[in-house]
Amino acid sequence: MDTEEPKVYVAVGNDLQDGYRTLDWTIRKWKAQSISIVILHVTYNISIKDFVYTPFGKLPATSLSDEKLEILKKYEQGKTDNLLSKYLGFCGKVKAEILKVEKSDEPVHKLILDLVSRLTITKLVMGLSFMIPSAGKSRTAVSGSYFVHHHMPDYCELFIICGGKLVSLKGENDEGIMEDDQGVKFAKMRERVNFGNLWTKMFSGNGRNPNRLSICSRGPDADSPYSQSTWENCVQEIEIYFQHLSSLNLDEASNSEDGDEILQTLAIEPNAAEQIDSNMADQLESLTKEDVASRMEIQRDLDSLKEQSCEVIRDVEESKNRLSSLIELQSELSNKLQLSTMAKGHAEAQLEKAVIARAEMVKDIEELRRQRDVLHRRIEFCKEKDAIGMVIRSSELSCAFREYTAEDIRLATEDFSERFRLKCAGDWTNVYRGRLNHASVAIKMLNNGLSEEDFQAKVSFLTDVRHPHLVAVMGCCSELKCIVFEYMPNGNLRDKLFTSQRNYKNCSRARALRWPDRIRIAHEVCLGLNFLHSTEPRPIVHGSLTPSSILLDRNLVAKISGLGLNICDQLNVRSDIRAFGTLLLHLLTGRNWAGLVEEAMALDQTTLMQVLDGNAGIWPLELADELAGIALKCLSADQDANRDLRIAGVMKELDEVRKKADGLADKRESEVVTDRCANKEDSNDVPSVFICPIFQEVMKTPHVAADGFSYELEAMEEWLGMGHDTSPMTNLRLKHKYLTPNHTLRSLIQEWHNKQSSVHS
């Protein structure tokens, strides 16, 4: 177990500075060892028989009301607690505690001796101010300190501190002498005054005031025995009275410094002294009452002034707080006003820039509208020119059907290079792309087991059957048993509808089949099929009409391919009608599964409308409903109710549907174009020059082709790789196939991407 730290008791009074010096001396005295300080302090409880110290002097406690007396007690208690807390704070890191000793009727010097005996105090440091009572005098402290020093037990080591210095007490004759640590005498205490001795000295001629002694000896017979006995009796009574006053309280001995004056006063005749005492007592009582009443009135006024002062102080504090809040609010509002002014200026500058930009954009829009109109007229002209050219070339080819040699075919396909093989699935796996007579062609290799007679019959049949919506035959090679057809740049309908973007990226990106195109393609296929069924003397039946056998040229014009040599009866004609109904379902739903026909037959027309292909855009419900009705009618061609159904009747219905579709499409296109142009300045659309004309996406590596337009490098390479030698935009023949990087456009696209990122962040 840890040894208990020795305790040093330090007695301090109400003098804060003297208490600090006493504590400082104690800490320095035992700084070499660990101690615990116990701070002793005497507290005075006010009772009705005590006097209280007020700003007006010392008054009896009975002169105050209970309420004011309680307030005075709390005030004294608070002042004492504040004083002791300062003493504790002064001790710092030294362990310290407070021991309060309540003042009783006993004098302080006896109280401290009782405390030493009761607590067995071995070390006591006592400040000289500790012995001075409230409003007392230093002579009482000296006499009290000497009393404590004289009666202190041997086991207690006493240190008396005055002004932060250790002092010692010595006895010399009848006096107590107090010296500091330098041996300098600065106080002494005499024995209690004995009036008998003092009176004897006065009458023996050794008094301090011979004049007063002479006055006292003017009696008629001063040396008579009677006079001597009378004075001895007076002296004895005065001595007894003085001892009685001295026994009441040691504190009253503080007035002993006025003993000389008392002796002078007592040197008058007894009868005169008694009369003076009586008169003085009456006057003192009267003055005391008047003084008490006056002081009570003053106290009431003082309390009222204090309350008013407290209210004023509170008002001042509240005003200060409000003023501080107003200053903070003013500063905050000033900052906000400054920020608002800056924001307003910035907004005005931005608005001015936006107005200028809008004006410039309006000009650009007008210019774009003009260019758009010019471009539309140019496109229409090119389409018309291309269509005329195709008709002319087809007529020339039909009239100039020729036989190609094996060498011609090998040169056109670079000896059947895999790079020229058309891999779009279906029956096209043995078809090659090539160039003959500066024109792109499709060369279909037939089965080598086919006889020469059958080959020539097939060629003759295909040469005789010509229609704008049938793939035209341009020639053949008997040696290799291959047939040369016109080239269809956009492949077959199956790839357009069902092939994923990964397998047919160019077709899906370049131009998706919208609902107007699908209705037009259905009408064109119906025209070609009606031509086959209308031949004489017997109708020509296709027999395998599927999306794979429908090819699309550069303008997405549909043409039927895969004609055979079969000339069938009426039953087979109905099979083509059923196949055409299935083709309509593919165009409506964009789906391709085994149970499509059976499921469609089980559904009603309204339910079928719920599975429309969303990639085609927003279908007009009326047109989709009519197209679905035609599809279901074609699928039921074998039933009794529709046994007389002919493809010519179907074609008439499709004519009406296409007319409605063309009119509605033109109207919607006009509305969309107008709306885009009118709201272009308020939109965040991608600038059209950034979009690849083929992929319809923002370009990453733009390159300029021979037609002057910029394309995505990958898209243009695929376009040229498929055998195209014309511009995707104008359909005019390209002068060359070289692609030049467009660095300026690429920088603009990158800058646009950065601005979009900053806006979204």
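From a predicted model like this one, the values you see are computed outputs, not experimental measurements. (Residues numbered from 1 in each chain as written. Predicted model: local features only at pLDDT ≥ 70, side-chain atom pairs only at ≥ 80, totals over all residues. Heavy atoms only, no water.)

Enquirer: How should I be thinking about the packing of aromatic side chains in this particular structure?
Expert: Think of a pair of aromatic rings as described by two things: how far the centres are apart, and how the planes are tilted against each other in angle. All told, the structure shown has 7 aromatic pairs when counted by the stated rule. Here tryptophan 25 and phenylalanine 159 contribute two aromatic rings whose centre-to-centre distance is 5.6 Å and whose plane-to-plane angle is 45 degrees, an arrangement assigned as tilted. On the criterion of sequence distance, the pair formed by tryptophan 25 in helix α1 (residues 16-29) and phenylalanine 159 in strand β7 (residues 157-162) is long-range, its members being 134 residues apart. Measuring from centroid to centroid gives 5.3 Å for phenylalanine 416 and tyrosine 432, while their planes differ by 65 degrees, and the two rings are edge-to-face. (Phe/Tyr/Trp six-rings, centres within 6.5 Å; stacked < 30°, edge-to-face > 60°. Helix = DSSP H or I, 4+ residues; strand = E, 2+ residues; numbered from the N terminus.)

Enquirer: Mind showing me how you'd approach the sheet that holds strand β19 (residues 710-712) here?
Expert: Strands pair in a sheet through their backbones, by hydrogen bonds, and they do so in one of two ways: parallel or antiparallel. Reading across the sheet, the 3 strands line up as β19-β18-β20 and stay open at both edges, with antiparallel pairing between neighbours. Bordering the open sheet on either side are β19 and β20 (740-741), each of which pairs with just one other strand. Contacts between helix α20 (residues 713-721) and the sheet are confined to β18 (702-704) and β19, with β19 contributing the most and set at about 90 degrees to the helix. (Pairing = 2+ DSSP bridges. Contact = heavy atoms within 4.5 Å. Axes fitted to C-alpha atoms, helices over the stretch in contact; angles between N-to-C directions.)

Enquirer: Looking at this model, I keep getting lost on α20. Mind explaining?
Expert: Buried within α20 are the following residues: Ala715, Met716, Trp719 and Leu720. Taken down its axis, α20 places every buried residue within 125 degrees of arc, on the same side. Where α20 is buried, its residues contact β19. Positive backbone phi, approximately 95 degrees, marks glycine 723, located one or two places after α20. (Buried < 20%, exposed > 50% of the residue type's maximum accessible area, 1.4 Å probe, protein only. Arc of directions from axis to C-beta.)

Enquirer: Quick question: what am I supposed to make of the confidence of the model for the protein chain here?
Expert: Low pLDDT marks regions whose predicted coordinates should not be analysed in detail. Looking at the protein chain, the pLDDT average stands at 76 and 70% of residues meet or exceed 70. Throughout residues 677-683 the model reports pLDDT below 50, and contacts reaching past four residues in sequence, or to other chains, amount to 10 contacts. (pLDDT = per-residue confidence, 0-100.)

Enquirer: I would appreciate a short explanation of the sheet that holds strand β15 (residues 482-486) in the present structure.
Expert: Pairing is mixed across the open sheet formed by 5 strands, whose spatial order is β11-β14-β15-β13-β12. Looking at strand neighbours, the two that pair on one side only are β11 (402-403) and β12 (431-436), the edges of this open sheet. Examined bridge by bridge, strand β13 (residues 439-445) and β15 share 5 bridges and lie antiparallel to one another. Each bridged residue has a counterpart across the sheet, and for methionine 445 the counterpart in β15 is cysteine 482.

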